[in-house]
Amino acid sequence: MKYVLVTGGVVSGLGKGVTASSIGVLLKACGLRVTSIKIDPYLNTDAGTMSPFEHGEVFVLDDGGEVDLDLGNYERFLDIKLTRDNNITTGKIYQFVINKERKGDYLGATVQVVPHITDAIQEWIERAAMIPVDGKEGPADICVIELGGTIGDIESMPFIEALGQFSYRVGPGNFCLVHVSLVPVLNVVGEQKTKPTQHSVRGLRGLGLIPNILACRSAKPLEENVKEKLSQFCHVPVSNIVTLHDVTNIWHIPLLLKKQKTHEALIELLQLQGIAKQPWLDDWTRRAEICDTLQDPVRIAMVGKYTGLSDSYLSVLKALLHASVDCQRKLVVDWVASADLEETREKEAPEVHKKAWDLLKAADGILVPGGFGDRGVEGKILAAKYARENKVPYLGICLGMQIVVVEFARSILNLPYANSTEFVPDTTTPCIIFMPEGSKTHMGGTMRLGSRRTYFEAPCCKAAKLYGNANFVDERHRHRYEVNPDMVPEFEKAGLAFVGKDETGKRMEIIELPDHPYFIGVQFHPEFKSRPGKPSPLFLGLIAASSGQLGTFLKDPVHYELRTPRRPINDPLTSKSYQNGNLKKLTDGSANGNCHANGNDNGAQADSWAQRSHYLQL
């Protein structure tokens, strides 16, 4: 096993996750099998109980792990399926060591940070690196490890010590350190400054880690004299100093690394000559070029609670982008704070209320993502009602599906007090109820999590057609509440179709309105399995319906898989193009505004992936 460690210096938010993912893409394109590990130095056991405002979205894995959003970047870039063990936190490590101490595994020794915590970190890395993540048997060839935070942070010190020991133990040729640092330009002087990176590397070396490759973030490519200066003071060859300058979209980053022959440096440092091939990135090149040239817009209103921070809906944004590129449309996301749609906001701030409704009414399609808590729920219900009554394409995810059920009960079944017990525990008409197996005392890891199977009840429904006429589909879940099964017959009689259910037939998974152009709600989170070149079918349906292309995709549900050039069939790097499930054929918190997700617009949208790396990570 070979290891590539990616660290960051000077400031946070430089794009270590993008860099680590892009390195993985480059090595995979060389014919190597790649896995990833993210180290988060916080004390939480996992990301499950963190606020989206604090830490961005919680990404859910197949095994039910609630992890850092960077693991979503790894999965999307590398098209792999990681496990909860691929996300290491301080909380997990200390819990592991304390449990061993309680069992007496240390035989009465004094348990200390060194060697017990550092040994546990190294053992965890080696164990997680051996887990197959690409659907093949046996471990990967290379493990890319991202160390969260910035060099010098107190909370990451045990990990840095452990990684220093680890690099010495695995030996030269098996370990490579890529340090991502900032080379700023002061407007007054106008020249690229190397001193921040020099100090960062000095601190890194002082902690026992020696960088082999410098990945320098900057607005423009590094000048040759700047590279020579960095080489002199950081003791890194000029050929191993890589410029990661601002680009129009994030798919250019692996291409940028390839252009600077980063793969050759990695192959030499990891002694993989004769094993690795020349990188094949035709798909990436084509996709990046298409993304830059899209002109025809498709406007999607994102009606949510956390609209002040796009990281809160990162996977949803990426799934929309994957689908829009495949539909040859330039994605424009209009952020609509759901609370601003409510009547109370009209009284408090009429201009804000009007702006929110103007954005909603101008959209080609509406998406209501998942969420928790009652703030803004009535606004989401109003958005679903508007989409239903005005035949606007609609996709509701998790809570976005549940509020559709509530709205339908109020408007069609004439049940004015219909609600979810999450928001009104003593409601007389509980359309959405707490799941019996859930815990009301412990929050972390107690939801219905991970990959679950959904069976299609109506083969002719739009959802089944988009999934390639599948009998069932496996998608990831994260919820505590569900549709009240006792009310399902009443809903179905009134015209709300429950076209997807779990294996028992009692838990509702997918709803549709048959007489609507595109109105679908799902209990699961399809965004977590969307990939560049293989968009989520339901997101593809939303974009297609919003741009007048749905008929084409329903006739040929795997049309999107044939639009990107594929490697010749006898090439070992050809990847299977089956989407999720059993396919029968090939396949501030209230800010309103808009953003262009394709990254090639002018003005308000920043081209800098340093400034917007959290937004552009595909």
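Computed from a prediction, not measured in an experiment: that's the story for all the values here.

Asker: Lay out the pairing of strand β9 (residues 241-245) with the relevant residues and their values.
Answerer: With 5 of 5 residues buried, β9 lies mostly within the body of the structure. Burial of the side chains of β9 extends over both faces: I241, T243 and H245 are buried on one face and V242 and L244 on the other. When strand β8 (residues 213-218) meets β9, the two strands line up parallel, connected through 5 bridges. By the bridge assignment for β9, L214 is matched with I241.

Asker: Outline the environment of S324, supporting the account with residue identities and numerical values.
Answerer: Mapped onto the fold, S324 is located in helix α12 (residues 314-326). For S324, a relative accessible area of 0% gives the class buried. Separated by 223 residues in sequence, S324 and S547 have C-alpha atoms that sit 9.3 Å apart.

Asker: Summarise the pairing of β8; cite the residues concerned and give the values.
Answerer: Within β8, 6 of the 6 residues are buried, which leaves it mostly tucked inside the rest of the structure. Relative to β8, strand β7 (residues 175-182) runs parallel, the two sharing 5 bridges. Residue pairing across strands places L182 opposite R217, the latter belonging to β8.

Asker: Break down empty space enclosed by the protein for me, citing the residues and quoting the values.
Answerer: Looking at the second largest cavity, its volume works out to about 60 Å³. Along its surface, the second largest cavity is lined by G371, F372, C398, L399, Q402, E422, R478, H479, R480 and Y481. Residues that form the lining of the second largest cavity fall into these classes: 4 nonpolar, 3 polar and 3 charged.

Asker: How would you sum up the pattern of salt bridges? Please name residues and give values.
Answerer: Should the charged atoms of two oppositely charged side chains come close, the side chains can pair. Considering all chains together, one arrives at 26 salt bridges under this definition. Residues E389 and R388 are paired through a salt bridge, measuring 3.7 Å at the closest nitrogen-oxygen approach. Assessed through its relative accessible area of 47%, E389 is described here as partly exposed. Each of D62, E75, D79, K81, R476, R531 and K534 takes part in a single network of salt bridges with overlapping partners.

Asker: Talk me through the packing of helix α1 (residues 16-29) against helix α3 (residues 70-78); I want residue IDs and the actual numbers.
Answerer: Contact geometry of α1 with α3 gives a least axis separation of 9 Å together with a crossing angle of 25 degrees. As summarised for this structure, α1 and α3 are arranged roughly parallel, according to the angle between their axes. When the axes of α1 and α3 are compared, the crossing they make is right-handed. Two secondary-structure elements touch here, α1 through G17, A20, S21, S22, G24, V25 and K28 and α3 through D70, N73, Y74, F77 and L78.

Asker: Describe the sheet that holds β9, listing the residues and the values that go with them.
Answerer: The parallel open sheet is built from 7 strands, whose spatial order is β5-β2-β6-β1-β7-β8-β9. The open sheet has two free edges, formed respectively by β5 (87-89) and β9, since each of these has just one partner strand. On average, adjacent strands in this sheet sit at an angle of 20 degrees to one another, irrespective of strand direction. In this sheet, β7 lies alongside strand β1 (residues 2-8) in parallel orientation, the contact comprising 6 bridges. Among the inter-strand pairings, T7 is bridged to a residue of β7, identified as H179.

Asker: Report on unusual backbone geometry, specifying residues and quantitative values.
Answerer: In the segment running from V114 into P115, the intervening peptide bond is cis, with an omega of 20 degrees. Topologically, P115 is positioned in helix α5 (residues 113-129). The backbone phi angle of D79 is positive, close to 55 degrees, even though this residue is not glycine. As for its position among the elements, D79 is in the loop between α3 and β5. Here H235, not a glycine, exhibits a phi torsion of approximately 60 degrees, which is positive. One can find H235 in the loop between α8 (224-234) and β9. You can call H235 exposed: its relative accessible area is 54%.

Asker: Any details on the packing of aromatic side chains? Residues and values, ideally.
Answerer: Two descriptors summarise a pair of aromatic rings, namely the distance from one centre to the other and the angle between the planes of the rings. Tallied over the entire structure, the rule returns 14 aromatic pairs. With a centroid separation of 6.2 Å and 55 degrees between ring planes, the pair formed by F408 and F491 is classed as tilted. With F408 in helix α16 (residues 399-411) and F491 in helix α18 (residues 488-494), this residue pair connects regions lying 83 residues apart in the sequence. The two residues F408 and F491 agree in class, both being buried. Ring-pair connections join several aromatic residues into one group, and the members of that group are Y3, F166 and F175. A cation sits over an aromatic face here: R127 above W124, 4.8 Å from the ring centre.

What counts, and at which threshold
Residues numbered from 1 in each chain as written. Predicted model: local features only at pLDDT ≥ 70, side-chain atom pairs only at ≥ 80, totals over all residues. Heavy atoms only, no water. Buried < 20%, exposed > 50% of the residue type's maximum accessible area, 1.4 Å probe, protein only. Helix = DSSP H or I, 4+ residues; strand = E, 2+ residues; numbered from the N terminus. Pairing = 2+ DSSP bridges. 1 Å grid on protein atoms, 1.4 Å probe; cavity = no way out; pocket = protein on both sides within 12 Å on 5 of 7 lines; lining within 4 Å. Points joined across faces, edges and corners; volume = space filled by probe spheres on them. Nonpolar A, V, L, I, M, F, W, Y, C, P; charged D, E, K, R; others polar. Salt bridge = Lys/Arg side-chain N within 4 Å of Asp/Glu carboxyl O. Axes fitted to C-alpha atoms, helices over the stretch in contact; angles between N-to-C directions. Parallel < 35°, antiparallel > 145°, perpendicular 65-115°, else oblique. Left-handed = near helix turned anticlockwise from the far one by under 90°. Contact = heavy atoms within 4.5 Å. Phe/Tyr/Trp six-rings, centres within 6.5 Å; stacked < 30°, edge-to-face > 60°. Lys NZ or Arg CZ within 6 Å of the ring centre and 35° of its normal.

Everything listed here is a matter of coordinates, which is why it stays silent on function.
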